[in-house]
Amino acid sequence: MSVTTVQQLFKPLKDITQDSTISHQCGVTMNDSVEARCIAEVMESKPGITVTYLPAMIRIDGEGKIEFRMSEIGEALGREMTPHIFEISTSTHYGRMVMIDEDTVVLFGNMDDALAYE
């Protein structure tokens with residue numbers, strides 16, 4: 001009989017310690033859907049990206065920045081993906097989300113990097 005290791009996403013409150021360092025992590029949480037699964041499948045092949053499948057949600061996390069290419073996601077999905085449809089597919093995000101152009105949405109973990117697009 002094999003034992004399956006389950007990634008623990010949330011820590012019990014007693015195990016949480018406050019850390020005063022700055023994190024440059026960023027990511028999105030999506031309700032599980034056809035579009036969300038497609039976005040996750042495209043992104044999980046990219047270096048430095050962690051995709052976590054939960055019972056009703058999918059999380060995509062990264063360090064520094066995460067770049068989402070609408071053409072790449074649309075090709076995998078089999079229909080057009082726009083930044084606006086992408087934003088509807090994401091329930092929430094952390095980091096600074098910037099629409100670079102009609103094909104590229106970037107999440108920045110470092111807010112100073114995002115300022116170049118203001």
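The rules behind these values
Residues numbered from 1 in each chain as written. Predicted model: local features only at pLDDT ≥ 70, side-chain atom pairs only at ≥ 80, totals over all residues. Heavy atoms only, no water. Salt bridge = Lys/Arg side-chain N within 4 Å of Asp/Glu carboxyl O. Buried < 20%, exposed > 50% of the residue type's maximum accessible area, 1.4 Å probe, protein only. Helix = DSSP H or I, 4+ residues; strand = E, 2+ residues; numbered from the N terminus. Contact = heavy atoms within 4.5 Å. Phe/Tyr/Trp six-rings, centres within 6.5 Å; stacked < 30°, edge-to-face > 60°.

**Q** What should I look at first to understand the pattern of salt bridges in this one?
**A** Close approach of charged atoms lets side chains of opposite charge pair. What the rule picks out here adds up to seven salt bridges. A salt bridge links Glu-67 to Arg-69, with the shortest nitrogen-to-oxygen separation between them at 2.8 Å. Glu-67 sits in the partly exposed class, given a relative accessible area of 29%. Notably, a salt bridge pairs Arg-69 with Asp-103, separated by 3.8 Å at the nearest N-O pair. Of this pair, Arg-69 sits in strand β4 (residues 65-69) while Asp-103 sits in the loop between β6 (96-101) and β7 (104-108); the two residues are 34 residues apart in sequence, bridging distant segments of the chain. Look at Arg-69 and you get partly exposed, because its relative accessible area is 33%.

**Q** Please explain the side chain of Thr-29 as it appears in this structure.
**A** In this fold, Thr-29 is placed in strand β1 (residues 25-31). According to the relative accessible area criterion, Thr-29 is buried, its value standing at 13%. Not counting residues within four places of it along the chain, the set of residues in contact with Thr-29 comprises Met-57, Ile-58, Arg-59, Thr-90, Ser-91 and Thr-92.

**Q** For this particular structure, what's the right way to read the packing of aromatic side chains?
**A** Remark: the centre distance and the inter-plane angle together describe each pair of aromatic rings, the angle taken between the planes. One pass over the structure, following the stated rule, counts two aromatic pairs. A centroid spacing of 4.7 Å and a plane angle of 45° characterise the contact between Phe-68 and Phe-86, whose relative ring orientation is tilted. One end of the pair, Phe-68, is in strand β4; the other, Phe-86, is in helix α3 (residues 83-89), with 18 residues separating them in the sequence. Residues Phe-68 and Phe-86 agree in their burial class; the two are buried.

**Q** Teacher, can you tell me more about helix α1 (residues 34-43) here?
**A** Quick reminder: α-helices carry 3.6 residues per turn. Residues three or four places apart thus point the same way. Counting buried positions along α1 yields seven of 10 residues, so the element is predominantly enclosed. All of the buried residues in α1 are Glu-35, Ala-36, Cys-38, Ile-39, Ala-40, Val-42 and Met-43. Against β1, β2 (50-53), β3 (57-63), β4, α2 (70-77) and α3 lie the buried residues of α1.

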